[in-house]
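Coordinates in review
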Amino acid sequence: MSATMHMHGGIGESIKRKEDARFLRGKGNYIDDLTLPSMLHMAILRSPHAHARIKSVDTSAAGSMPGVIAVVTGELMAQHKLAWMPTLSYDTQAVLATDKVRFQGQEVAAVIAETKYQAEDARDAIVVDYEILPAVTSPEGAKAAGAPLIRDEKEGQKDNHIYHWESGDKAKTQAAFANAAKVVRLHTFYPRCHPAPLETCGCVADVNPATGKATIYMTSQAPHAIRTVFALVTGLPEQNIRVISPDIGGGFGNKVPVYPGYVVATAASLLIGRPVKWIEDRSENLISTGFARDYHMTGDLAVDANGKMTALRVHLDSDNGAFFSDAQPSKFKAGLFHIVTGSYDIPTAHITADGYYTNKAPGGVAYRCSFRVTEASYLIERLVTNAALELGLDQAEFRMNNFVKPEQFPYTSATGWIYDSGDYPKAMNVALEKLGYDELRKDVEARRKKGEVTGIGIASFTEVVGAGHGADFDILGLRMFDSAELRVHPTGKALLRMGTKSQGQGHETTFAQIVAEELGIPASDVAVEEGDTDTAPYGLGTYASRSTPVAGAATAMVSRKLRDKARMIAAHLLEAADEDLEWERGKFYVKGSPDRAKTIQEIAFAAYTNLPEGMEAGLEGVHYYDPPNMTYPFGTYAVVVDVDKGTGQVKVRRMVAVDDCGVRINPMIVEGQIHGGLTEGFGIAFMELITFDSEGNCIGSNFMDYLLPTAWETPKFEIGETVTPSPHHPLGAKGVGESATVGSPAAYVNAVIDALSPYGITNIDMPVTSDKVWAALRSKGVTE
Amino acid sequence: MKVTMRVNGGERTGDVEPRVLLADFLRTNLALTGTHIGCDTTSCGACTVLLDGEPVKSCTLLAVQVDGRDITTVEGLAQGGALSPVQVGFHEEHGLQCGFCTPGMMLVGTALLEQNPDPTEEQIRWAISGNICRCTGYMNIVKAIQHAANVKQAAASAPSPAAVAAGGGE
Ligand code: FES
Ligand code: FES
């Protein structure tokens, strides 16, 4: 610890985290830790059916139970015009159901009581009479003739189709396919899974009856955007709404959307005049809030006689649940899926996507991912491995031969993305060397001769993160810039506030390090605050790996602004001309005489005590950064698996992960992010599944059915890096929070498919569980 | 019902309904909010506390069941303001990110090192396998517990400060 304290904490230093101090002592301040005077508790009654008409809701017994203050129904919400709310994808979503329930777990009514136990008791006493309707549980079911109409309340909605969306060049792609020497097809389903942060969602809504000010403490990754959405939904003046995100126990995309519980709790507090707390339990979290993926994808890859990829064609059907409430930039109906050409120089591509309503929970969120990049990366990386296997080419070599070459950057992809930078062969070579690929290939052959089932999987992903440039990327029209405000106090200590919100990523440390680097104030002297919309500058929040690319850039820029002012103050103090001063981290000195110097701390003091004639006092500023482009982190992951023929069990023997996220600000924190992402990727590949029976009952509604990796299953990771700085980011950084979840599932599954390929098995959909592997082997006559 | 227990070394009493969970009693009645709730179904370990030194999941015990027993929560790990070796290990090895699983993980680690001062990696992984972490991928949690084991062993083999002050240990 003492070694840390003497470190300056500039860029590239693995200083220990500042935020640890409170978490280690059990003194974090998570939403459920908050208690306000006279606070009430809310419990939500949810639908047991996936699709049913509500005939009546009887709250009389519930209303007279001990401690009950109010029972809120859809009807009551409708009286206040709050039974429905807009979604982040320009659809509407029921807050409390009035006409029908459209998925199991949908919010039907809420009880507000003195204690949590009383609220839950009374909730169980509400009687709802349902008329059960047939349920739709897949896009296939949604488009079937005679399928029940889920959104019958929507004017002009005649079927269950939500959107059709296209990207790329259809004619050119068709022509390329006509000339292909070989076409490889993969049909795969990226199943529904859930981010499941260890802390569930919740809020404490506190509407002050005297002032009308609504303070809403909320597990939100995007508090500012939520404030604006709340103002639009409720009609409350925006200055009277204060959203505070306290410490957040993991987010991974789950905490981006607005959920009905937040709205009901706020309305209840407004009506009752007391604070109302609502905390989901785990089942509520898994069955009703932001799921991820649920994409049915078909990809065709055209390859010429020399093994060069010539065209890519993809169609996907998206299962969006009962309301289209995906959290994504509004121009892109299928998120950023059209990054699907990945790391490969494919001359032409055509992508079509159709979204469907089903009787499943809404809220397609990016589970540790930048708006559907994960699905895209999975498809192309699985397809490339299948193509290599089918063509009899080496997986690594086939990739090498088709990579976008380092000299092609900036590179414009077939679907119009402008990749800022990259060196894919380098990352691949580091990974292969770390793995000992050539030796390992021989070893695999030798083991197979002995009857073992073993294989190597590779994935060379490219991500697109850091949304965005505001002209192309917005959420409900709000441009996706971000912000930083920096105040340097007279004693040379500083306060930095940003429009983002950490959920464990270590912002209090990393962003202090940017100030340490750019303004020379040691990281330990920079306090970092986020999440309070009354104090922090406006920003779009933390998701899609955008904090470092956008708010990190804003922090660098505001630090530089203050440095410019500091130069003028230093010149005044040193009686020198501005341009005669040199900057060395932490001080200005006169060119040629290094001992005529003023430290940033001396300059900060002078900013309040001894200013040049006519200069405004103070040393503070704010910067809103709208990036010129996205950033494109990339890497190569390689996995070795052994499969037990008898049981179908897959064991990951090795996992090598080489990431290039540009310049690393705190390498320790970056590696921590990669470890976490590789683990969630492992869970997605082998364990995590939210599925439904034919009646729309959610299977996977608790941690005994929705399986998450523990320390026992999780493999050990071998980490490597290359550094290709982003040319447009002020620090050369690219963002890293999600790379490992985006890139790793395909690497794990490719290893299994490589292992099973000698038996003619070409695909197993995730999660790749023992029973599926066992059945696949049996179907090919493999027995022992 | 009246319930009395020792919590972090001090006697605490409360008057609760028999159905009140230990986790809720600690969080609500005693305001010890370092014990977290992640699942309610004994699956995640966020609510882990030590009951007479053994890790238990406090979402699956009633407060009245531990009447007369001894409880340690995360708030009881630091002694006199000094972090325990396990807490130091988690900080030094970046064994936490969002911090939500951390109290439970540290209490399991503490109990493990009491029973087994020099655990193997496998033994550590097995010990913490009832606790879920969504952020770290576990590698640094394993290192954090190893770090603590090393610190404790170094402290045990070094001469005690009292002995040094008394002129011993030279
Ligand atoms: S809350 Fe007790 S085990 Fe999850
Ligand atoms: S640090 Fe977030 S759950 Fe473990």
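Remember, predicted model here, so these are calculated numbers, not experimental data. (Residues numbered from 1 in each chain as written. Chains lettered and ligands numbered in written order. Predicted model: local features only at pLDDT ≥ 70, side-chain atom pairs only at ≥ 80, totals over all residues. Heavy atoms only, no water.)

In this model, chain B carries an average pLDDT of 94, and 93% of its residues clear a pLDDT of 70 or more. Confidence estimates for the predicted assembly give a pTM of 0.96 and an ipTM of 0.97. (pLDDT = per-residue confidence, 0-100.)

To continue, consider the sheet that holds strand S1 (residues 40–46) of chain A. All names here are of chain A. Here seven strands make up an open sheet; going across it, the order is S3-S7-S1-S14-S11-S12-S13 and the pairing mixed. The strands lining the two open edges of the sheet, one partner per strand, are strand S3 (68–73) and strand S13 (241–244). Here the strands of the sheet are splayed against their neighbours by 20 degrees on average, with no regard to which way each runs. Here strand S11 (residues 202–207) pairs with strand S14 (residues 276–279) via four bridges, running antiparallel. Following the sheet pairing, Ala 205 is matched in S14 by Val 276. Of the strands in this sheet, S1, S3 and strand S7 (107–113) touch helix H5 (residues 116–123), which is tilted by about 25 degrees from S1. Across the face of the sheet, helix H8 (residues 223–234) comes into contact with strand S12 (214–218) and S13 while running at roughly 145 degrees to S13. (Pairing = 2+ DSSP bridges. Helix = DSSP H or I, 4+ residues; strand = E, 2+ residues; numbered from the N terminus. Axes fitted to C-alpha atoms, helices over the stretch in contact; angles between N-to-C directions. Contact = heavy atoms within 4.5 Å.)

Residues and elements named next belong to chain A. Across all of its chains, the model carries 27 aromatic pairs over all chains by this definition. Plain terms: the ring middles of Phe 23 and Tyr 30 are 5.8 Å apart, the flat faces sit at 25 degrees to each other, and that makes the pair stacked. One exposure class covers both Phe 23 and Tyr 30, and it is buried. An angle of 25 degrees between the planes, with centres 4.9 Å apart, marks the rings of Tyr 419 and Tyr 632 as stacked. Residue Tyr 419 is located in strand S19 (residues 418–419), and its partner Tyr 632 is located in the loop between strand S29 (620–625) and strand S30 (634–643); the two are separated by 213 residues in the primary sequence. When its relative accessible area of 0% is taken as the criterion, Tyr 419 is described as buried. Through pairs of rings, three or more aromatic residues link up here, namely Tyr 344, Phe 403, Phe 409, Tyr 424 and Phe 634. Over the ring of Phe 23 we find Arg 22; its NZ or CZ atom is 4.8 Å from the centre of that ring. (Phe/Tyr/Trp six-rings, centres within 6.5 Å; stacked < 30°, edge-to-face > 60°. Buried < 20%, exposed > 50% of the residue type's maximum accessible area, 1.4 Å probe, protein only. Lys NZ or Arg CZ within 6 Å of the ring centre and 35° of its normal.)

Another aspect to go through is the environment of A:Arg382. Residue and element names in this part refer to chain A. Here Arg 382 lies in helix H11 (residues 373–391). The exposure class of Arg 382 is buried, given its relative accessible area of 0%. Separated by 76 residues in sequence, Arg 382 and Ile 458 have C-alpha atoms that sit 9.1 Å apart. Apart from the residues within four sequence positions on either side, Arg 382 is in contact with Leu 186, Ala 746, Val 749, Asn 750, Ile 753, Thr 762 and Asn 763. At 3.0 Å, the side chain of Arg 382 forms a polar contact with the side chain of Asn 750. (Polar contact = N/O pair within 3.5 Å; in protein donor to acceptor, adjacent residues only side chain to side chain.)

Let us now look at the packing of helix H18 (residues 667–686) of chain A against helix H19 (residues 739–756) of chain A. To describe two helices that pack against each other, one gives the angle between their axes and the distance between the axes. Residues and elements named next belong to chain A. Close contact between H18 and H19 brings their axes to 8 Å; oriented N to C, the two are set at 45 degrees. As the angle between them shows, H18 and H19 are arranged oblique. Crossing geometry of H18 relative to H19 is assigned as right-handed. Touching Ile 674, Gly 677, Leu 678, Glu 680, Gly 681, Phe 682, Ile 684, Ala 685 and Phe 686 of H18 are Ala 740, Thr 741, Ser 744, Pro 745, Tyr 748, Val 749 and Val 752, all from H19. (Parallel < 35°, antiparallel > 145°, perpendicular 65-115°, else oblique. Left-handed = near helix turned anticlockwise from the far one by under 90°.)

To continue, consider the sheet that holds strand S16 (residues 309–319) of chain A. All names here are of chain A. With mixed pairing, the five strands of this open sheet are ordered in space as S9-S17-S16-S15-S10. The open sheet has two edge strands with one neighbour each: strand S9 (161–168) and strand S10 (182–190). In this sheet, neighbouring strand axes are inclined to one another by 10 degrees on average, regardless of whether the strands run parallel or antiparallel. Relative to strand S17 (residues 348–356), S16 runs parallel, the two being bridged by nine bridges. Within S17, the position partnered with Ala 311 by the bridge is Thr 348. In the packing of H11 onto the sheet, contacts are made with S10, strand S15 (295–303) and S16, and the angle to S10 comes to roughly 140 degrees.

Counting buried positions along helix H1 (residues 22–29) of chain B yields six of eight residues, so the element is predominantly enclosed. Three or more residues of H1(B) are buried, namely B:Leu22, B:Ala23, B:Asp24, B:Phe25, B:Leu26 and B:Arg27. In this structure, the buried side of H1(B) is in contact with H5 of chain A together with strand S1 (2–7), strand S2 (10–15), strand S3 (48–51) and strand S5 (70–72) of chain B. Directly beyond the C-terminal end of H1(B), a positive phi value near 55 degrees is found at B:Ala31.

Attention now goes to unusual backbone geometry. All names here are of chain A. In the segment running from Phe 409 into Pro 410, the intervening peptide bond is cis, with an omega of -10 degrees. Relative to the helices and strands, Pro 410 is located in the loop between helix H12 (395–402) and strand S18 (411–412). At the junction of Met 766 and Pro 767, the peptide bond is cis and its omega measures out at -10 degrees in the coordinates. Checked against the element boundaries, Pro 767 lands in the loop between H19 and helix H20 (770–779). Even without being glycine, Lys 81 reaches a positive phi, approximately 60 degrees. Following the sequence through the fold, Lys 81 ends up in the loop between helix H4 (74–79) and strand S4 (84–86).

Residue and element names in this part refer to chain B. Domain boundaries in chain B define domain 1 (2–76) and domain 2 (85–158). Domain 1 and domain 2 are separated by 21 Å when their C-alpha centres are compared. Counting residues at the interface gives 18 residues for domain 1 and 13 residues for domain 2. Counting the surface domain 1 buries against domain 2, the share from its top three residues, His 36, Thr 48 and Val 74, is 38%. For the interface between domain 1 and domain 2, the tally reads zero salt bridges. In this assembly, domain 1 and domain 2 are joined by six residue pairs in polar contact (both at pLDDT 80 or more). For the side of domain 1 that touches domain 2, the secondary-structure elements that each account for two or more residues are S3 and strand S4 (54–57). Residue composition of the side of domain 1 that touches domain 2, grouped by class: seven nonpolar, nine polar and two charged. (Domains from an automatic or database assignment. Buried area = accessible area lost by both parts, 1.4 Å probe. Salt bridge = Lys/Arg side-chain N within 4 Å of Asp/Glu carboxyl O. Nonpolar A, V, L, I, M, F, W, Y, C, P; charged D, E, K, R; others polar.)

Residue and element names in this part refer to chain A. Taken domain by domain, chain A comprises domain 1 (3–20 + 482–625), domain 2 (34–133 + 200–248 + 255–288) and domain 3 (374–466 + 630–779). Just the C-alpha atoms count here: the centres of domain 1 and domain 3 sit 38 Å apart. Facing the 29 residues of domain 1 at the interface are 21 residues of domain 3. Taken together, both faces of the contact between domain 1 and domain 3 bury some 1700 Å²; the carbon and sulfur share is 63%. By the criterion of area lost to domain 3, the three top residues of domain 1 are Ile 11, Ser 545 and Pro 549, representing 28% of everything that side buries. Scanning the region where domain 1 abuts domain 3 turns up zero salt bridges. Inspection of the region where domain 1 meets domain 3 yields eleven residue pairs in polar contact (both at pLDDT 80 or more). Breaking the side of domain 1 that touches domain 3 down by element, the ones donating at least two residues are helix H15 (507–519) and helix H16 (547–574). In terms of residues, the side of domain 1 that touches domain 3 owes the most to one element, H16, which gives eight residues. A class-by-class count of the residues in the side of domain 1 that touches domain 3 yields eleven nonpolar, twelve polar and six charged.

It is worth spelling out the interface of chain B and chain A at this point. Between chain B and chain A, the contact holds 46 residues from the first and 50 residues from the second. Buried area between chain B and chain A, both sides added, is near 4400 Å², and the carbon and sulfur share of it is 58%. For chain B, the biggest contributors to the area lost against chain A are B:His91, B:His94 and B:Arg134; these three give 19% of the whole. Summed over the shared surface of chain B and chain A, the result is seven salt bridges. Of the charged contacts in the structure, one is a salt bridge between A:Asp32 and B:Arg27, with a shortest N-O distance of 3.4 Å.

With 99% of its residues at a pLDDT of at least 70, chain A reaches an overall mean of 96. In this model, residues 1–5 of chain A is a region of pLDDT below 50 whose contacts with residues beyond four sequence positions or in other chains number five contacts.

Taken as a whole, this structure holds 67 salt bridges over all chains when the rule is applied. Across the salt bridge formed by A:Asp152 and A:Lys100, the nearest N and O atoms sit 3.3 Å from each other. Here A:Asp152, found in the loop between helix H6 (139–143) and S9, pairs with A:Lys100, found in strand S6 (residues 100–101); they are 52 residues apart in sequence, far enough to count as distant. On the accessibility criterion, A:Asp152 (34% relative accessible area) is partly exposed. A salt bridge links B:Arg134 to A:Glu680, with the nearest nitrogen and oxygen atoms 3.6 Å apart. One end of the pair, B:Arg134, is in the loop between helix H4 (121–127) and helix H5 (139–157); the other, A:Glu680, is in helix H18, on a second chain. Residue class for B:Arg134 comes out buried when judged on its relative accessible area of 4%. For A:Glu680, a relative accessible area of 0% gives the class buried.

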